[in-house]
Amino acid sequence: MVHGEEITLSAKGHSDVIDITERVAKIVRASGVREGLVAVHVTGSTASITTIECEPALVADFRDLLERLAPSDKPTRHGDTWGDDNGFSHLRASLMGPGITVPVRAGRLVLGTWQQIVLVDHDNRPRERQAFVQVVGE
Amino acid sequence: MVHGEEITLSAKGHSDVIDITERVAKIVRASGVREGLVAVHVTGSTASITTIECEPALVADFRDLLERLAPSDKPTRHGDTWGDDNGFSHLRASLMGPGITVPVRAGRLVLGTWQQIVLVDHDNRPRERQAFVQVVGE
Amino acid sequence: MVHGEEITLSAKGHSDVIDITERVAKIVRASGVREGLVAVHVTGSTASITTIECEPALVADFRDLLERLAPSDKPTRHGDTWGDDNGFSHLRASLMGPGITVPVRAGRLVLGTWQQIVLVDHDNRPRERQAFVQVVGE
C-alpha cells in the first residue's frame with residue numbers, strides 16, 4: 001500500500017524551521033497504513049528535513065550553528081558565477097540532506113515526545129516550499 | 001511484508017558511539033524479508049544514527065569533530081531558557097538527523113566490510129536509548 | 001514490488017561529486033514501480049549520498065565547506081593508529097550519512113528542477129565506488 005501527498009508551506013528563509021509533524025501524521029492517517037515507513041522529502045536544493053525539539057530557543061541555537069558552519073555573508077563561487085546570493089543556502093541543504101524516513105507503527109509516527117519533524121528553509125528570501133510525503137506499508 | 005522491533009541499549013552520552021549492526025541484522029533475519037529496505041530510527045531528540053568504520057581511534061576522531069562543530073561547553077539559548085545543559089546534544093542530533101535507511105538484499109544488509117550501523121548518543125548523561133527498526137519488503 | 005541494482009562508478013576522491021540522478025531514474029523505470037520509494041545507499045565508509053544543484057561552482061564551494069569542517073591535513077587518531085591518511089574521509093562520510101530515500105511518483109523521482117542526486121567520494125585516492133539502488137512500491 002502506497003499513499004503520497006504534497007504539502008506546501010510559506011517559509012521565511014535563512015534556515016527558518018517549521019514544524020510539519022501534524023501534517024505528516026495526518027497524511028499517515030489518511031493513508032490507512034498501520035505498519036510501514038513514511039519518507040518526507042523536500043523538493044528543492046535549498047532546504048532540508050530533520051527532527052528537533054521544536055522550541056524557539058533551540059531553533060535559534062540551531063540557526064546559529066548553521067550560520068557558523070556555512071556563514072551567509074561568506075562569498076561563494078556559486079554566488080560569483082550566477083549572481084545568486086544563496087550559496088550558503090545550498091551548502092547547508094547538501095550537508096543536512098533532503099529528507100528523512102520515519103517508521104509508522106500502529107498507524108502512528110514513531111517519534112520521541114520532544115522530537116518533531118521540521119522543514120528547514122535555508123534560502124535567502126521568503127518563498128513557498130513543497131515537500132512530498134510518501135507512506136509505504138500495510 | 002512489514003516487520004518492526006524496538007531495540008533498547010545503555011548509552012554513555014557525549015556522542016557515545018554504539019555498534020548496532022548485529023542487532024539490526026538479526027531483526028532483518030527475523031522479518032523473513034529477502035529484498036527490501038530497513039529503516040533505523042532513534043526515538044529522541046539528542047541522538048543520531050549513521051554508519052562508520054567502528055574502531056576506537058576513528059570513533060574518538062568523530063567525537064572530536066562533533067565537539068568542534070557543536071562544543072559542549074558553549075552556552076546555548078536552550079540551556080539558558082530551560083536550565084538543561086544539553087543544548088549541544090540537540091544541535092548535533094538535528095545536524096546529523098535521526099535515522100538511516102539501508103537496502104536489504106538476499107536477506108542481508110547491503111553494507112561495506114568496514115561500514116557499521118551505529119547509534120550516536122549525544123546527550124550529556126548516561127541513559128537508556130530506544131531505536132526502532134522497521135523492515136519493509138518481500 | 002521490490003527491484004534493486006548496484007551501480008559502479010569511478011571517483012576521484014577528496015569529496016569528488018558525481019551526478020547519479022539519471023542512473024537512479026533509469027533503475028526506477030526498470031523497476032516498473034509507479035508509486036513508492038527509492039533508497040540510494042553507498043557501500044563503504046568514506047562516501048556519502050546527498051542532493052545538490054550540481055553545477056561546478058557550487059560543487060567547489062561544497063568541497064571547500066567539507067575541507068573547513070574536516071580538514072584533510074589535520075592529523076587523526078585513525079591515521080596515527082592504522083597508517084591510513086584518510087581519517088578525514090571517514091569523518092565527512094559519517095557526518096553526512098550513507099544514503100537518502102526519495103519518493104517515486106508516477107514512475108518518476110520527486111526532485112526539484114535544480115536538485116540532483118549525487119555520490120560524494122571523500123576518500124583520498126581515486127577508486128571504484130559501488131552504490132545500491134533499491135526501489136520499493138507498486
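First things first, this report covers the structure right here in the doc. Think of each chain on its own: its residues are numbered from 1, step by step along the sequence as written. Chains carry letters from A onward and ligands carry numbers from 1 onward, assigned in written order. Where local features are concerned, this predicted model is filtered to residues with pLDDT of at least 70; where side-chain atom pairs are given and counted, the filter is 80 or more; whole-chain, interface and lining totals use all residues.

**Some words on the overall build of chain A**
Strands here are runs of E lasting at least two residues and helices are runs of H or I lasting at least four, both read from the DSSP assignment and numbered beginning at the N terminus. Secondary structure assignment for chain A yields four helices and eight strands. What you see in chain A, going N to C, is helices and strands ordered as β-β-α-β-β-α-α-α-β-β-β-β. Against the compact-globule benchmark of 14 Å for 138 residues, chain A has a radius of gyration of 16 Å, which places it among compact chains. Taken over the C-alpha atoms alone, chain A extends approximately 50 × 30 × 20 Å along its principal axes. In chain A, buried positions account for 58% of the 138 residues. Residue pairs at least 24 apart in sequence account for 84% of intrachain contacts in chain A once pairs closer than 6 positions are excluded. Here the globule rule is a power law, 2.2 Å times the number of residues to the power 0.38, and the radius of gyration is based on C-alpha atoms. Field definition: a residue is buried when 20 or more other C-beta atoms are found within 10 Å of its C-beta, exposed when 12 or fewer are, and partly exposed for counts in between, with C-beta atoms placed from the backbone. Once C-beta atoms are placed from the backbone, any two residues with those atoms within 7 Å are in contact.

**Overview of the relation of the copies chain A and chain C**
For the pair chain A and chain C, the relating rotation is 120°, the translation along its axis is 0.0 Å, and the fit reaches an RMSD of 0.0 Å. With respect to symmetry, the two chain copies, as superposed, fit the operation of a three-fold axis. Here only 16% of the contact residues of chain A are again contact residues in chain C; the copies associate through non-equivalent surfaces. Fitting of the copies onto one another was done by least squares over C-alpha atoms, counting residues only where both copies have pLDDT of at least 70.

**A closer look at the interface of chain A and chain C**
For interface size, the figure often reported is the accessible area lost on association. Chain A puts 25 residues into the contact, and the matching count from chain C is 29 residues. Looking at the side of chain A that touches chain C, the element that brings in the most residues is helix α4 (residues 87-96) of chain A, giving five residues. Gly is placed with the polar residues, together with every amino acid not listed as nonpolar (Ala, Val, Leu, Ile, Met, Phe, Trp, Tyr, Cys and Pro) or charged (Asp, Glu, Lys and Arg). Classifying every residue of the side of chain A that touches chain C gives nine nonpolar, 15 polar and one charged.

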